[in-house]
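# Descriptive analysis of the structure
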Amino acid sequence: MSSKMSQTHIVVLCSIANFINAADRVIMPIAIIPMTSYFKWTMHWQGWILSSFAFGYLSSQVFGACAAKKFGGKLILLLSVFLWSISTVATPWVSHNTFALILCRIISGFGEGLGLPTIFHIFANNISVTDRSSAFGYLVAAGSVGQTVATVICPHLMWQTSFYLFGSIGIVWSLIWISLYSEKDWGNNDELPLVIIPQYSSIHWRKFFIYWPLWAIYIAHFTMNWSNYIIMHWLPTYLRYLGANSHSISLTAVPYIFNSVFGIVAGNYADKLIDRRWSVLSVRRLMTTIGLVGPAIFLILFCTVNSLAAAIIFISISMGLCACNSAGHLSNHAEVAPNHAGITFSVSNTLATIPGILSGPLTAELVTASHGRWFPVFILAAALNFTGSIIYCSQSSTSQIL
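What counts as what
- Residues numbered from 1 in each chain as written.
- Predicted model: local features only at pLDDT ≥ 70, side-chain atom pairs only at ≥ 80, totals over all residues.
- Heavy atoms only, no water.
- Helix = DSSP H or I, 4+ residues; strand = E, 2+ residues; numbered from the N terminus.
- Buried < 20%, exposed > 50% of the residue type's maximum accessible area, 1.4 Å probe, protein only.
- Contact = heavy atoms within 4.5 Å.
- Lys, Arg positive; Asp, Glu negative; His and termini not counted.
- Charge placed at Lys NZ, Arg CZ, Asp CG, Glu CD.
- Polar contact = N/O pair within 3.5 Å; in protein donor to acceptor, adjacent residues only side chain to side chain.
- Phe/Tyr/Trp six-rings, centres within 6.5 Å; stacked < 30°, edge-to-face > 60°.
- Expected span 1.5 Å × (residues − 1).
- Bend = angle between axes of the 7 residues up to and from the residue.

Take the overall build of the chain next. Helix and strand counts for the chain come out as 15 helices and zero strands. Viewed in the frame of its principal axes, the chain has a C-alpha envelope of about 65 × 45 × 35 Å. Of all 402 residues assigned to the chain, the portion counted as buried reaches 56%. Contacts spanning at least 24 positions in sequence make up 85% of the contacts within the chain whose residues lie at least 6 apart. Side-chain charges in the chain split into 18 positive and 11 negative, and the spacing between the mean points of these groups amounts to 9 Å.

This brings us to the environment of L330. Tracing the backbone shows L330 in the loop between α11 (308-322) and α12 (333-336). When its relative accessible area of 11% is taken as the criterion, L330 is described as buried. Put simply, L330 and F209 are 121 residues apart on the chain and 17 Å apart in space, counted from C-alpha to C-alpha. When residues no more than four places from it in sequence are discounted, the contact partners of L330 are F120, F136, H221, M224, N325 and F345.

Residue placement: S370 occurs in the loop between α14 (354-369) and α15 (375-395). For S370 and N268, which are 102 residues apart along the polypeptide, the C-alpha to C-alpha distance reads 43 Å. For S370, the side chain forms a polar contact with the main-chain oxygen of L366, separated by 2.8 Å.

Taken as a whole and judged by the stated rule, the model has 24 aromatic pairs. A ring pair is formed by F53 and Y57, whose centres lie 5.7 Å apart and whose planes are at 25°; its orientation type is stacked. Pair noted here: F53 and Y57 are both in helix α2 (residues 43-59), with a separation of four residues, about one helical turn. Ring centres of F298 and F314 lie 6.2 Å apart, and the angle between their planes is 45°; on these two criteria the pair is classed as tilted. Note that F298 is positioned in helix α10 (residues 280-302) and F314 in helix α11, a separation of 16 residues in sequence.

Working note: α-helix, 3.6 residues per turn, so residues spaced by three or four point in the same direction. Along its 16 residues, α14 runs 22 Å from first to last C-alpha, staying within 8% of the 22 Å computed at 1.5 Å per residue. Maximal helix bending in α14 amounts to about 30°, located at G360; proline P361 follows within four positions. Within α14, burial applies to P355, G356, I357, S359, G360, P361, T363, A364 and V367. Contacts made by the buried residues of α14 are with α2, α8 (212-241), α13 (341-351) and α15. Following α14 by one or two positions, H371 has its phi on the positive side, about 60°.

Right, dumping it as structure tokens:
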């Protein structure tokens, strides 16, 4: 393969990395059901085990973006995938000790936290603006496919096997990545690149927190992730509450299938709207509104039904519409801060990881305080989505500010 990879090859390799990333994340929410039966964890301990991943994930966001700029995307993405894969393989070995398991989950989160900021750095330097919506659409869709595959396969495997299988896939990807991908060197290229490689300059950290268009992105991301963490961490447990057995837990794959399809469709449709001379800002606001308000409505419907089939339908539509955010605020970083897209995303993703820390213990507390009822959990998530949509539509911009 040529040392200078095409945009397509870059998107494919990064999307596969996100596939593995997302698959590894959903193993624990599924495995925790048989693991709880075996280790006799309380619901509060389940909450902390599920949320411990987010502590590591939050701590590596800004580090990942800065490291990618300094050392290059190849090395940092390799480190990211290898680190989370090794910790995934190690999980069954340490599960007998709850504190060692939590530490392993933190390390896994740290590795995965390096991934997306690094991919954003790679995309900002290699993907043309007219292809970014679809590139991010494929990236997000690949993550949803990874979640789908894991949720279909894992309920039918011994819980230990799930960790060994997907951790090993990540190690194999690491070997492929190190042999195929090389950093671009535009200085030796006689042709003008599709993407102008930004000339990085020193910038004060305060700049990342003083502009409302950036806060609009941060808040939209935060509210989107609140719902996503609730669903990712607790959907298998909630379906058990509705009467699902160990085999029908595989139905948790359906929402991720919807998310995959909607993500690809939304990304390509957004690019077509831009080609038809819609303003980029209008497209970003439209997609973010669909991606936040739509899921909020269906989350409310989701918590009002007792039928397993109806619950799957509503949560699947909710997750599908959520994928529109990939062509909304998630694509907005490269426009407002093209020279610092990796860092702005890392700041955004750091703030948006706070729901991952809070959603585990808070969900356990709300359900316990409500005597086993789940509606407060989903009403809160819907309210945050509505709020995030209003703020994004009123404060967002596509003008470069950094």
